[in-house]
There are 2 protein chains.
Amino acid sequence: MAARLRDVAERAGVSIRTVSNVVNGYATVSRQKRERVEAAVSELGYRPNVIARSLKHGRSGLIALMVPELDVAYFAELARAVVTTAREYGYTVVVDQTDGEPDRERELIMRDGSANLFDGVILSPLAMSQTDLAERDATSPLVLLGERIVDSGYDHVAIDNVAAAQLATNHLIELGRTRIAAIGDQPYETGETAQLRTRGYEQAHQQHGREVDRSLVVPTRQFHFADGTEAMEQLLKRPGGPPDAVFCYNDLLALGAIRVLLAAGLRVPEDVAVVGFDDIEAGRYNTPSLTTVAPDKRAIARLAVERLVARLGGEVDDAPVELWADYELIVRESTVGR
Amino acid sequence: MAARLRDVAERAGVSIRTVSNVVNGYATVSRQKRERVEAAVSELGYRPNVIARSLKHGRSGLIALMVPELDVAYFAELARAVVTTAREYGYTVVVDQTDGEPDRERELIMRDGSANLFDGVILSPLAMSQTDLAERDATSPLVLLGERIVDSGYDHVAIDNVAAAQLATNHLIELGRTRIAAIGDQPYETGETAQLRTRGYEQAHQQHGREVDRSLVVPTRQFHFADGTEAMEQLLKRPGGPPDAVFCYNDLLALGAIRVLLAAGLRVPEDVAVVGFDDIEAGRYNTPSLTTVAPDKRAIARLAVERLVARLGGEVDDAPVELWADYELIVRESTVGR
DNA sequence: GCAGCAAATTTCAACGTTGCAAAGCCTAGC
DNA sequence: GCTAGGCTTTGCAACGTTGAAATTTGCTGC
């Protein structure tokens, strides 16, 4: 059995409270007793019981990070950053997966399955609507990542998706490409990210006085490799020939698309230039390496964690804020060749 | 403030214990009182306090999964499987990263930072030695993944690395390749995986009556993309010309290596065939797609979680066991072309 | 109408810790 | 020698829950 304060106290011949004082560095403890206690602590291998402390303090030191899928590179990288940053602030992160299922996401966040276990929640929502969130009756603070849910009532960290998508599309336009496809639209989803990126794509066209060819905007169900290959196969089948550039709403879509292009005997970027989004590591080592919009994931993680910690510490109780992280376009071989 | 049993009890006009009984479905509660309590529960939005329960029960329902790096695809995929399986058994997973630093790993596992918080630990060790583990004085059960640490005293789940590596190498030999390089050896590390794979590589050669050319066995510091590119660059610089096949000890190394090969104007697989290890998703969509040894990650996760749960339930207290998961060679374009 | 028994409900204590406040000890000062 | 005041140490209660046992209630049968 694990040693308790009481066991240490008995062994050292002092009261429980004194042991607690020593362990926590509280109050003034005489050198003599302190040493006796410390000896007993190490002899018994005493470790404070975190659960009991949590109960006493009313906080657990745990924050939940809810992401759709842990094995999607973007979320894995984000999770790593969150875990690392949270550790700096003395918090432990529990990563939960919504498995890409809106219902499961809703259930997790609404019911807050482990109520009173987590001090706070960071949610990278897939399909939460404003209504959904308004109904949330959990007690812990929540910070949203990525999706912007207007008037959600919660703090929100994101990048400017419209501007970022516009930047990516502009890059393609400036390379002289004229038939620029977009892969990843989700016009009917509650999730807003895809729609914002489509808007950026359209704005870039307008900015250059171009018409948007709606037949080049291909929706996908999800943002996985397979959706990218499927979308690109569709594009290649359409009349009018292949596009000469593609803006994909994330890197997985882009890598999937590239695979199909190469398999079809098209060259990237000579025949078709491809831009992705997220800057996952695999894109850097692909051949051709992937031009992409790189959100500053560490900044996103940091902003989210710090905001949450601030709320937990009661340092802020004002209205929810929008926090913006940086991003940049990283130009690689998939648009400019070697 | 969150509602407590007491609040519900007052509202429903019953004792705390009765509310507890209703909430837990215990004992026999009259329909009348049950309904009153249920009404009060939903009016107050009562949720059991998990921490208090944990304290009472002496278990938290949390298990820790320690992996070197969460954003390395193999570990992310493994983590996903562990999280999913653990959920089936009512456990929540806390993913911790050792950041690829042996010292940090040692500290985490030895001191068990959050003592008495986790009911059990699943560790994918990077560099724990037998001595390290013997000194562990934590109380919670531990299951090891991957690395086999002889006589560690802990349950262990893995695949047969020697046989798997042999299978991969045999595949290359049977394709008629004669200068087969190996990337990823770590002769001086405590971690054993690399050494086992090297042994499999050697055994395949012996089996076919071939000499192993030690100059084709390239060690790497880690198992990342960058280590793969670096190793392949070295190989290409060596006298004797490029190898005609490479067995990489994981997929990241392989993808890194392929990139360097293609950049050097070599064709994969025509000039150099490449095999990886892990079957990460990115390998499937690479061009050329990656032939690889696919450990059954779900089985690994399941075996580990189930073993841990069994220990926690006190169903086993016998000697630690070795559990073996399946694996298979998945042949793709990087060795047989299209 | 009441013993006898089962069902329903409650009381009490405990899980291991810490906040609070009181108690004990010691030294300095007169 | 006694007291004030500071330093050190301690006891008690509480965080929210549940196990065990005690108590109350309700019912059956005679």
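Small disclaimer: the values here were computed from a predicted structure and weren't measured. (Residues numbered from 1 in each chain as written. Chains lettered and ligands numbered in written order. Predicted model: local features only at pLDDT ≥ 70, side-chain atom pairs only at ≥ 80, totals over all residues. Heavy atoms only, no water.)

Q: In this structure, what is going on with the pairing of strand 1 (residues 62-67) of chain A? I would like to understand it.
A: Consecutive side chains along a regular strand alternate between the two faces of the sheet. Residues and elements named next belong to chain A. The buried fraction of strand 1 is high, at six of six residues. Where burial is concerned, the two faces of strand 1 agree: the one with Leu 62, Ala 64 and Met 66 and the one with Ile 63, Leu 65 and Val 67 are both buried. In terms of strand pairing, strand 1 meets strand 2 (residues 92-97) through six bridges, oriented parallel. Residue pairing in the sheet places Ile 63 in a bridge with Val 93 of strand 2. For the crossover that starts at strand 1, traverses helix 5 (residues 73-88) and ends in the parallel strand 2, the hand is right-handed. (Buried < 20%, exposed > 50% of the residue type's maximum accessible area, 1.4 Å probe, protein only. Helix = DSSP H or I, 4+ residues; strand = E, 2+ residues; numbered from the N terminus. Pairing = 2+ DSSP bridges. Right-handed = clockwise from strand over helix to strand, strands pointing away.)

Q: Explanation requested: a nonpolar patch on the surface in the structure shown.
A: Residues and elements named next belong to chain A. Residues Leu 175, Val 331 and Val 336 make up a contiguous nonpolar surface patch of roughly 220 Å² in combined accessible area. With respect to the helices and strands, Val 331 occurs in the loop between strand 12 (327-330) and helix 14 (333-336). The exposure class assigned to Val 331 is partly exposed, which follows from its relative accessible area of 42%. (Patch = residues over 30% accessible without salt bridge, like charges linked within 9 Å, V, L, I, M, F, W, Y side chains within 5 Å. Areas by Shrake-Rupley, 256 points an atom, 1.4 Å probe, with all protein chains shown as cover. Salt bridge = Lys/Arg side-chain N within 4 Å of Asp/Glu carboxyl O.)

Q: Teacher, can you tell me more about the interface of chain A and chain B here?
A: Think of interface size as the accessible area that goes away when the parts come together; that is how it is often given. Contact with chain A, which involves 52 residues of that partner, is made by 52 residues of chain B. Here chain A packs against chain B, burying approximately 4,800 Å² in sum over the two surfaces, 56% of which is carbon and sulfur. Counting the surface chain A buries against chain B, the share from its top three residues, Arg80(A), Arg259(A) and Tyr285(A), is 16%. Our count for the chain A to chain B interface comes out at 12 salt bridges. (Contact = heavy atoms within 4.5 Å. Buried area = accessible area lost by both parts, 1.4 Å probe.)

Q: Teacher, can you tell me more about the packing of helix 1 (residues 5-12) of chain A against helix 3 (residues 31-44) of chain A here?
A: Relative orientation and spacing of two packed helices are given, respectively, by the angle between their axes and the distance between those axes. All names here are of chain A. Between helix 1 and helix 3, whose axes approach to 9 Å, the crossing angle comes to 125 degrees. One finds that helix 1 runs oblique with respect to helix 3. Like other packed secondary-structure pairs, helix 1 and helix 3 cross with a definite hand, here right-handed. Touching Asp 7, Val 8, Arg 11 and Ala 12 of helix 1 are Arg 36, Val 37, Ala 40, Val 41, Glu 43 and Leu 44, all from helix 3. (Axes fitted to C-alpha atoms, helices over the stretch in contact; angles between N-to-C directions. Parallel < 35°, antiparallel > 145°, perpendicular 65-115°, else oblique. Left-handed = near helix turned anticlockwise from the far one by under 90°.)

Q: I keep staring at the relation of the copies chain A and chain B and nothing clicks. Help me out?
A: In summary, the two copies of the chain are related to each other by a rotation about an axis coupled with a shift along it. Under the fitted operation, chain A is carried onto chain B by 0.0 Å of movement along the axis and a turn of 180 degrees, and the coordinates agree to an RMSD of 0.1 Å. Each copy turns onto its partner about a two-fold axis. Taking C-alpha positions as the reference, the residue of chain A nearest the rotation axis is Val94(A), at 2.3 Å. (Least-squares fit on C-alpha atoms with pLDDT ≥ 70 in both.)

Q: Please explain the protein's contact with DNA strand D as it appears in this structure.
A: Around DNA strand D there are 26 residues in total, and Thr18(A), Thr28(A), Leu5(B), Ser20(B) and Tyr46(B) lie nearest to it. In DNA strand D, the atoms that sit within 4 Å of the protein are 71% sugar and phosphate, with bases accounting for the remainder. Measuring from a phosphate oxygen of DNA strand D, one finds a side-chain N or O atom of Tyr46(B) at 2.5 Å. Within the residue set of the surface near DNA strand D, elements represented by two or more residues are helix 2 (16-24) and helix 4 (50-57) of chain A together with helix 1 (5-12), helix 2 (16-24) and helix 4 (50-57) of chain B. Here the surface near DNA strand D is composed, by residue class, of nine nonpolar, nine polar and eight charged. (Near = heavy atom within 4 Å. Polar contact = N/O pair within 3.5 Å; in protein donor to acceptor, adjacent residues only side chain to side chain. Nonpolar A, V, L, I, M, F, W, Y, C, P; charged D, E, K, R; others polar.)

Q: What exactly am I supposed to notice about the packing of aromatic side chains here?
A: Note on aromatic pairs: each is described by the distance of the centres and the angle between the planes. All names here are of chain A. Scanning all chains against the criterion turns up eight aromatic pairs over all chains. Seen from their ring centres, Phe 247 and Phe 277 are 6.5 Å apart, and the 40 degrees between their planes marks the pair as tilted. On the criterion of sequence distance, the pair formed by Phe 247 in strand 8 (residues 245-248) and Phe 277 in strand 9 (residues 273-277) is long-range, its members being 30 residues apart. This pair shows no difference in class: Phe 247 is buried, exactly as Phe 277 is. The rings of Phe 247, Tyr 249 and Phe 277 are connected pair by pair, giving a single aromatic cluster. If you follow Arg 197 out to its NZ or CZ, it ends over the ring of Phe 277, 3.6 Å from the centre. (Phe/Tyr/Trp six-rings, centres within 6.5 Å; stacked < 30°, edge-to-face > 60°. Lys NZ or Arg CZ within 6 Å of the ring centre and 35° of its normal.)

Q: Help me out: how do you make sense of the environment of Ala182(A) in this one?
A: All names here are of chain A. Here Ala 182 is to be found in strand 6 (residues 180-185). Accessibility expressed as a relative area gives 0% for Ala 182, which makes it buried. Look past the residues within four positions of Ala 182 in its chain and what remains in contact with it is Tyr 201, Leu 216, Val 217, Val 218, Phe 247 and Tyr 249.

Q: Can you walk me through the sheet that holds strand 3 (residues 120-123) of chain A in this structure?
A: Strand pairing in a sheet takes place through backbone hydrogen bonds and is either antiparallel or parallel in direction. Residue and element names in this part refer to chain A. Judged by pairing direction, the sheet is parallel, and its six strands sit side by side in the order 2-1-3-4-5-11 without closing on themselves. Looking at which strands have only one partner, the edges of the open sheet turn out to be strand 2 and strand 11 (322-324). Sheet twist, expressed as the mean angle between neighbouring strand axes with direction ignored, is 20 degrees. As paired strands, strand 1 and strand 3 are joined by four bridges and run parallel to one another. Bridging from a neighbouring strand, Ala 64 pairs with Val 121 of strand 3. Contacts from helix 5 reach strand 1, strand 2, strand 3 and strand 4 (142-145) within the one sheet, and its direction differs from that of strand 1 by about 170 degrees.

Q: Where do I start with the nonpolar core in this structure?
A: It is characteristic of soluble globular proteins that their nonpolar side chains tend to be buried jointly. Core analysis: the biggest nonpolar cluster contains 146 residues, and Ile183(A) and Ile183(B) have the highest contact counts within it. Discounting residues that sit within four places of it in the chain, Ile183(A) has contacts with Val218(A), Thr220(A), Ala231(A), Met232(A), Leu235(A), Val246(A), Phe247(A), Cys248(A), Tyr249(A), Leu253(A) and Ala257(A). With 24 residues, the next largest nonpolar core counts Leu62(B), Ala64(B), Val94(B) and Val121(B) among its residues. (Core = buried A, V, L, I, M, F, W, Y, C linked by side-chain atoms within 4.5 Å.)

Q: Can you walk me through the protein's contact with DNA strand C in this structure?
A: Around DNA strand C sit 26 residues in total, of which Leu5(A), Arg17(A), Tyr46(A), Thr18(B) and Thr28(B) are the nearest. Of all atoms in DNA strand C that approach within 4 Å of the protein, 68% are sugar or phosphate atoms. Per-class residue counts for the surface near DNA strand C are nine nonpolar, nine polar and eight charged.

Q: Explain helix 13 (residues 297-312) of chain B here, please?
A: An α-helical turn contains 3.6 residues, so a residue and the one three or four places further along point in the same direction. Residue and element names in this part refer to chain B. Its 16 residues place the ends of helix 13 22 Å apart at the C-alpha level, agreeing with the 22 Å of an ideal helix rising 1.5 Å per residue. Residues of helix 13 that are buried: Lys 297, Ile 300, Ala 301, Ala 304, Val 305, Arg 307, Leu 308, Val 309 and Ala 310. In the stretch just after helix 13, Gly 314 is the one whose phi turns positive, near 70 degrees. (Expected span 1.5 Å × (residues − 1).)

Q: Can you help me understand the side chain of Thr85(A) in this one?
A: Residues and elements named next belong to chain A. Position of Thr 85 relative to the elements: it lies in helix 5. You can call Thr 85 buried: its relative accessible area is 5%. Within the local environment of Thr 85, its side chain forms a polar contact with the backbone oxygen of Ala 81, the two atoms lying 2.7 Å apart. The residues contacting Thr 85, other than those within four sequence positions of it, are Ala 301, Arg 302 and Val 305.

Q: Got a minute to help me understand the domain arrangement of chain A in this structure?
A: Residues and elements named next belong to chain A. Domain annotation for chain A reports domain 1 (56-159 + 297-323) and domain 2 (161-295). Listed by partner, the interface residues are 14 residues for domain 1 and 14 residues for domain 2. Overall, the association of domain 1 and domain 2 removes approximately 1,300 Å² of surface from exposure, summing both partners, and the carbon and sulfur fraction of that is 48%. Along the contact surface separating domain 1 from domain 2 lie zero salt bridges. The tally of links from domain 1 across to domain 2 stands at six residue pairs in polar contact (both at pLDDT 80 or more). For the side of domain 1 that touches domain 2, the secondary-structure elements that each account for two or more residues are helix 5 and helix 13 (297-312). (Domains from an automatic or database assignment.)

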